[in-house]
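Given next are the chains, with one letter for each unit.
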Amino acid sequence: MTSVRRVSAEQAISRVRSGDVVMVGGFGLVGAPLTLIDALVETSDARDLTIVSNNVGEAGRGLGLLLRQGRIRKAIASYFTSNPEAVAAVNAGQLDYQLLPQGTFAEAIRAAGAGLGGFYTPVGAGTLLAEGKEERLIDGVPHLLERPLRADVALVHAARADELGNLWYRGTARNFNPLMAAAAGLTIAEAGEIVPVGGIEPEAVATPHLYVDLLVGAKRL
Amino acid sequence: MTSVRRVSAEQAISRVRSGDVVMVGGFGLVGAPLTLIDALVETSDARDLTIVSNNVGEAGRGLGLLLRQGRIRKAIASYFTSNPEAVAAVNAGQLDYQLLPQGTFAEAIRAAGAGLGGFYTPVGAGTLLAEGKEERLIDGVPHLLERPLRADVALVHAARADELGNLWYRGTARNFNPLMAAAAGLTIAEAGEIVPVGGIEPEAVATPHLYVDLLVGAKRL
Amino acid sequence: MSGDPRTRIAARAALELEPGDVVNLGIGIPNLIPGILAPDAGVVIHTENGLLGVGPRPAQDAVDPDLVDAAKLPVTALPGAAYFDSADSFAMIRGGHVDVAVLGALQVSAAGDIANWAVPGRDVLGVGGAMDLVVGARRVIVTMTATTGAGEPKVVPECTYPLTARGAADVVVTELSVFRLREGRLVLVELLGGATLDDVARATSAAYEVELG
Amino acid sequence: MSGDPRTRIAARAALELEPGDVVNLGIGIPNLIPGILAPDAGVVIHTENGLLGVGPRPAQDAVDPDLVDAAKLPVTALPGAAYFDSADSFAMIRGGHVDVAVLGALQVSAAGDIANWAVPGRDVLGVGGAMDLVVGARRVIVTMTATTGAGEPKVVPECTYPLTARGAADVVVTELSVFRLREGRLVLVELLGGATLDDVARATSAAYEVELG
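Because the structure is a prediction, the values reported are computed rather than measured. (Residues numbered from 1 in each chain as written. Chains lettered and ligands numbered in written order. Predicted model: local features only at pLDDT ≥ 70, side-chain atom pairs only at ≥ 80, totals over all residues. Heavy atoms only, no water.)

Peer 1: Please explain the overall build of chain C as it appears in this structure.
Peer 2: Helix and strand counts for chain C stand at 4 helices and 13 strands. Looking at chain C as shown, the accessible area adds up to about 8,300 Å², and 51% of this sits on carbon and sulfur atoms. Side chains of chain C give 15 positive and 26 negative charges; the mean places of these two sets differ by 4 Å. (Helix = DSSP H or I, 4+ residues; strand = E, 2+ residues; numbered from the N terminus. Areas by Shrake-Rupley, 256 points an atom, 1.4 Å probe, with all protein chains shown as cover. Lys, Arg positive; Asp, Glu negative; His and termini not counted. Charge placed at Lys NZ, Arg CZ, Asp CG, Glu CD.)

The structure is reproduced here in structure tokens:
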């Protein structure tokens, strides 16, 4: 097999272009690819980004830094409220946004990676978040048609990678990372630890290496 | 936490009723719940069953035995050809069947467990297997609407279970088992080995115990 | 009962849980339940960010940065716990595999409609897993004070706040009483903490039936 | 080239594979490719029953009953392999994460339509993963003899057998030649094993262009 390309965070992030849709793993800061986010904040000029991430960081931390730089055009998330600056940016008309129920958000990302054209969920039917969506009665229950969520680039964090690019996640840091790794044209993974091939049990691989394009050592564990 | 109910294969199988939809894990005989299938063949009177399984066993082995007994009314599968007796039963009008592409079959089972009303897949569009299905152009590509596949009872095989009912699968014996465990009203798991709580690493659990209702020791490894 | 109303509400809600129940707890009053439940209650706690088998909060010097609940607060995992990704976690929820969701609400209607994620006139910027939970969980227990800080009833004829889901509530526990939704009827089944029928009537604008056990 | 036609077809198809390619191999001719590829070819083999990183077939006394390929034959797993369930496996396939599918066919049309799962007049009782693979894989290489045992051409104007998918083939390798589908045009790009243009013309009923390299 062929090893995954090992690059620096700066090299990896140089692949993000202005206007890109960028998925970022993590639930708050847990499982967030902080090394890659730092590189995106500090070494990239890419602007006009659409960020797909459950939260938009916290004020001045993680994606919150990118927001402060005014480089996020649109955010797709289930929960903005944890970052008051994101709420303020929306109110000031500086940030476009799309809000999805968290399960729909996760499933839409999975659907993109899985090559599905869309799915019907009962969640959100009859609410504000159903606006503009096709509703359909299935077995007497209203369902919404939800479309896949794809990205140009995914930034994910794993506790462990092997040299092929197989990934293993720890605890609740798994969250959206494996879904996003499968849903982007280019997947950049940072790993807390990079082990030789064979260092992850085949049954325990959560993201098989075919999803990972570039591998970066994470600065922090 | 509460331990899963440990029962004999006979006790577990006594829960299968005539007319039930029964999912059976395995790809051919690999990962098939052979202890439970034996009990279904030898100790149960349930007839008129709808079997959801990738194959319908092999002639005189696994589900093939149940077929010989004339207790399968309908089979939903991706591949009948490996059991000539299943093909003969169809030709003789003794077995109703539904054929699905293997990926659609797997995804439909997942959709049932995941509470989705259906999904759109490009697979099968324009073919014989699209007959009677709703077709929809999505981004210019024809997609079929596929509905979830649910069951009354799922029979699955795991290499290892803990006393709570968490399951771990080995090698390619995983296949349809975790999907089916989530898609039935009653899930009966057989395990090659039953270990104390804590004996499966939390990151390695493939079927969390909330999906498992009854646990049976497998006779064979 | 004693203590502050929120703890009393949580304590009453905890009585609704049965051994073996898989329970998801919302932020606020529901999150008081783990401190109230007996250790042998046999209840299994699910958190939607990817853990079945949530244990007690860790000591400050034993915090694991990879281990939080949906409130982003440190937790522990009990022996026999399982981790999973967010799609699998919400598959559990939406697929009806989580037995009970206990959550706070801003309003509940006579038909069991729940509003718990947004206040009209303010921007609606966070929904999290609320909609998935109220639609997916087999049983939905709402825990909330009977009235707002300004004294407005929260059990109302129709929700005026944005809905989380229609007809989703099964039980409503306030500091004054327990309501159950029975085939679409809102029924007062229990008075709490010395409250009278008049106390409940004053704090409730929805119509309801009374069937005290 | 030498040897039987099937091995020659497999050998030519193997040349289409590049280091790093993730490849799914169908039953029949495609399954001869692992025996032909150099060990350092850098090709990663995926089998849809749930394994990425298929290794050589085991010795008879080293067969692992939990480890088979989609033909239900024993295989091994290479270091760095990963196992997954069938939904995840077909998510890989349908989602375009498998680079190449190499498969046999009964017919391929001038438009790249593939028929490889059913013969008219016989009951259609097995499809397996064929439809998912030809729709999902980024590149689809068809390997087949140019004609049936009865001498009927298999590269045809329109498939008369039940379709697996429309417009899915990218490359067709027979014992006589290599065709490529280029923006909907069927193009003969290479003659194999001493075959002449006439040989190909006699064995092919579809119209095609000729652009020999």
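Peer 1: Just checking my understanding: could you explain the environment of A:Y120 for this structure?
Peer 2: Looking at the secondary structure, you find A:Y120 in strand β6 (residues 118–121). Linking A:Y120 and A:A86, residues 34 residues apart in sequence, is a C-alpha distance of 30 Å. The residues touching A:Y120, leaving out its near neighbours within four places in the chain, are A:E134, A:R136, A:I138, A:H143, A:L144, A:L145, B:L116, B:G117, B:G118, B:Y120, B:R136 and B:L145. One polar contact links A:Y120 to A:E134, side chain to side chain, over a distance of 3.4 Å. Side-chain polar atoms of A:Y120 contact the side chain of A:R136, separated by 3.3 Å. (Contact = heavy atoms within 4.5 Å. Polar contact = N/O pair within 3.5 Å; in protein donor to acceptor, adjacent residues only side chain to side chain.)

Peer 1: I tried to follow the interface of chain D and chain B on my own but got confused; where do I start?
Peer 2: Interfaces are frequently sized by the accessible area removed from exposure as the parts join. If you look at the interface, chain D gives 35 residues, while chain B gives 39 residues. Here chain D and chain B share an interface that buries about 3,000 Å² over both sides, 63% of which is from carbon and sulfur atoms. Viewed at the interface, chain B and chain D are joined by 3 salt bridges. Of the charged contacts in the structure, one is a salt bridge between B:R170 and D:D64, with a shortest N-O distance of 2.5 Å. Linking chain D with chain B are 14 residue pairs in polar contact (both at pLDDT 80 or more), by the criterion used here. Counting residues per element, the ones that place at least two in the side of chain D that touches chain B are α2 (86–94) and α3 (130–136) of chain D. If you tally residues by element for the side of chain D that touches chain B, the top one is α2(D), at 4 residues. Across the side of chain D that touches chain B, the residue classes break down as 18 nonpolar, 7 polar and 10 charged. (Buried area = accessible area lost by both parts, 1.4 Å probe. Salt bridge = Lys/Arg side-chain N within 4 Å of Asp/Glu carboxyl O. Nonpolar A, V, L, I, M, F, W, Y, C, P; charged D, E, K, R; others polar.)

Peer 1: Teacher, can you tell me more about the pattern of salt bridges here?
Peer 2: Any two side chains of opposite charge can pair, on the condition that their charged atoms come close. Taken as a whole, this structure holds 42 salt bridges over all chains when the rule is applied. A salt bridge links B:D139 to A:R147, with the nearest nitrogen and oxygen atoms 3.2 Å apart. Of the two residues, B:D139 sits in the loop between β7 (135–138) and β8 (141–146) while A:R147 sits in the loop between β8 (141–146) and β9 (151–162), which places them in two different chains. A residue is classified by how much of its surface remains accessible, and A:R147, at 38% relative accessible area, is partly exposed. Within the structure, one salt-bridge network assembled from shared partners comprises C:R12, C:E16, C:D21, C:R139, C:R180 and C:E190. (Buried < 20%, exposed > 50% of the residue type's maximum accessible area, 1.4 Å probe, protein only.)

Peer 1: It is not clear to me how the packing of helix α5 (residues 102–113) of chain B against α2(D) should be interpreted in this structure. Could you clarify?
Peer 2: Interhelical geometry of α5(B) versus α2(D) gives an angle of 125 degrees and a closest axis separation of 9 Å. Relative to α2(D), the element α5(B) lies oblique. Here the hand of the crossing between α5(B) and α2(D) comes out left-handed. Contacts between α5(B) and α2(D) pair B:Q102, B:G103, B:T104, B:A106, B:E107 and B:R110 from the former with D:S86, D:A87, D:F90 and D:R94 from the latter. Looking at the contact of α5(B) with α2(D), its residues break down into 3 nonpolar, 4 polar and 3 charged. (Axes fitted to C-alpha atoms, helices over the stretch in contact; angles between N-to-C directions. Parallel < 35°, antiparallel > 145°, perpendicular 65-115°, else oblique. Left-handed = near helix turned anticlockwise from the far one by under 90°.)

Peer 1: How do you make sense of the pairing of strand β5 (residues 96–99) of chain B when you look at a structure like this?
Peer 2: Note on strand geometry: in a regular strand, side chains alternate between the two faces of the sheet. Residue and element names in this part refer to chain B. Two strands pair when backbone bridges link them, and strand β4 (residues 72–77) and β5 are joined in this way by 4 bridges, in the parallel orientation. Within β5, the position partnered with A75 by the bridge is Y97. Between the parallel pair β4 and β5, the chain is carried across by helix α4 (residues 84–91), and the sense of this crossover is right-handed. (Pairing = 2+ DSSP bridges. Right-handed = clockwise from strand over helix to strand, strands pointing away.)

Peer 1: Sorry, what's going on with the confidence of the model for chain C here?
Peer 2: If pLDDT is low for a region, its predicted coordinates should not be looked at in detail. Mean pLDDT over chain C works out to 95, with 99% of the residues at or above the 70 mark. Quick note on the complex model: pTM equals 0.97, ipTM equals 0.97. (pLDDT = per-residue confidence, 0-100.)

Peer 1: What is the right way to look at α2(D) in this model?
Peer 2: An α-helical turn contains 3.6 residues, so a residue and the one three or four places further along point in the same direction. Buried residues dominate α2(D), accounting for 8 of its 9 residues. For α2(D), every residue scored as buried is listed here: D:S86, D:A87, D:S89, D:F90, D:A91, D:M92, D:I93 and D:R94. Check the buried side of α2(D) and you find it contacts α5 (102–113) of chain A, α5, β6 (118–121) and α6 (177–181) of chain B together with β2 (44–47) and α3 of chain D. Looking at where α2(D) begins, the residue whose side-chain oxygen comes 2.9 Å from the main-chain nitrogen of D:A87 is D:D85.

Peer 1: Quick question: what am I supposed to make of unusual backbone geometry here?
Peer 2: A negative phi angle characterises most non-glycine residues, just as the trans form characterises most peptide bonds. Even without a glycine there, the phi angle at B:N175 is positive, about 25 degrees. Its place among the elements puts B:N175 in the loop between β10 (167–168) and α6. Since its relative accessible area comes to 0%, B:N175 is described here as buried. With a phi close to 65 degrees, D:K72 is a non-glycine residue in the positive phi region. With respect to the helices and strands, D:K72 occurs in the loop between β3 (51–55) and β4 (76–83).

Peer 1: What's the story with the interface of chain C and chain A in this structure? I'm lost.
Peer 2: On the chain A side, the residues contacting the 34 residues of chain C number 39 residues. For the pair chain C and chain A, the summed buried surface comes to about 3,000 Å²; carbon and sulfur atoms form 62% of the total. Together, C:D66, C:K72 and C:L125 form the three largest contributors to the area buried by chain C at its contact with chain A, with a combined 24%. For the pair chain C and chain A, the interface holds 3 salt bridges. Salt-bridge contacts for C:R94 lead to A:E107; the nearest nitrogen and oxygen are separated by 3.5 Å. For the side of chain C that touches chain A, the secondary structure elements donating two or more residues are α2 (86–94) and α3 (130–136) of chain C.

Peer 1: For this particular structure, what's the right way to read the environment of C:S177?
Peer 2: Residue and element names in this part refer to chain C. With respect to the helices and strands, the residue S177 is situated in strand β11 (residues 177–182). Separated by 20 residues in the primary sequence, S177 and L197 have C-alpha atoms spaced 9.1 Å apart. With residues near it in sequence (within four places) discarded, S177 still touches V172, L188, E190, L191, L192 and V200.

Peer 1: Even after reading the chapter, I still don't get the sheet that holds β6(A), so can you show me in this structure?
Peer 2: Here we have 6 strands laid out as an open sheet, ordered β7(A)-β8(A)-β6(A)-β6(B)-β8(B)-β7(B), and antiparallel in their pairing. Two strands bound the open sheet, and with one partner strand each, they are β7 (135–138) of chain A together with β7 of chain B. Averaged over neighbouring strand pairs, the angle between their axes works out to 30 degrees when direction is ignored. Pairing of β6(A) with β8(A) involves 3 bridges; the strand directions are antiparallel. Looking across to β8(A), one finds that A:Y120 is bridged to A:L145. Contacting β6 and β8 of chain A, α5(A) runs over the sheet at an angle of about 155 degrees to β6(A). Lying over the sheet, α5(B) contacts β6 and β8 of chain B, oriented at roughly 155 degrees with respect to β6(B).

Peer 1: In this structure, what is going on with the packing of aromatic side chains? I would like to understand it.
Peer 2: Remark: the centre distance and the inter-plane angle together describe each pair of aromatic rings, the angle taken between the planes. The full count for this structure, using the stated rule, is 7 aromatic pairs over all chains. Aromatic side chains A:F80 and A:Y97 sit 5.5 Å apart centroid to centroid with 75 degrees between the ring planes, which places their arrangement in the edge-to-face category. Taken together, the positions of A:F80 in the loop between β4 (72–77) and α4 (84–91) and A:Y97 in strand β5 (residues 96–99) put the pair 17 residues apart, joining distant regions of the chain. Judged by relative accessible area, A:F80 falls into the buried class, the value being 1%. Aromatic side chains A:F105 and A:F176 sit 5.4 Å apart centroid to centroid with 75 degrees between the ring planes, which places their arrangement in the edge-to-face category. One end of the pair, A:F105, is in helix α5; the other, A:F176, is in the loop between β10 (167–168) and α6 (177–181), with 71 residues separating them in the sequence. An identical accessibility class is assigned to A:F105 and A:F176; each is buried. Sitting over the face of the ring of B:W168, B:R160 holds its NZ or CZ atom 4.6 Å from the ring centroid. Over the face of the ring belonging to B:F27 we find D:K72, whose NZ or CZ atom lies 5.8 Å from the ring centre. (Phe/Tyr/Trp six-rings, centres within 6.5 Å; stacked < 30°, edge-to-face > 60°. Lys NZ or Arg CZ within 6 Å of the ring centre and 35° of its normal.)

Peer 1: What's the story with helix α1 (residues 5–14) of chain C in this structure? I'm lost.
Peer 2: For α1(C), the complete set of buried residues consists of C:R8, C:I9, C:A10, C:R12, C:A13 and C:A14. Tucked into the core, α1(C) has its buried residues touching β8 (139–143), β10 (171–173), β11 and β12 (185–191) of chain C.

Peer 1: Any chance you could explain the environment of D:I141 here in plain terms?
Peer 2: Examined against the element boundaries, D:I141 turns out to sit in strand β8 (residues 139–143). When residues no more than four places from it in sequence are discounted, the contact partners of D:I141 are D:A13, D:E16, D:L17, D:V100, D:A101, D:V102, D:L103, D:V171 and D:V173.

Peer 1: What should I look at first to understand the side chain of D:T143 in this one?
Peer 2: Its place among the elements puts D:T143 in strand β8. Each residue touching D:T143, except ones within four places of it in the same chain, is listed here: D:I9, D:A13, D:I29, D:P30, D:V102, D:L103, D:G104, D:A105 and D:V173.

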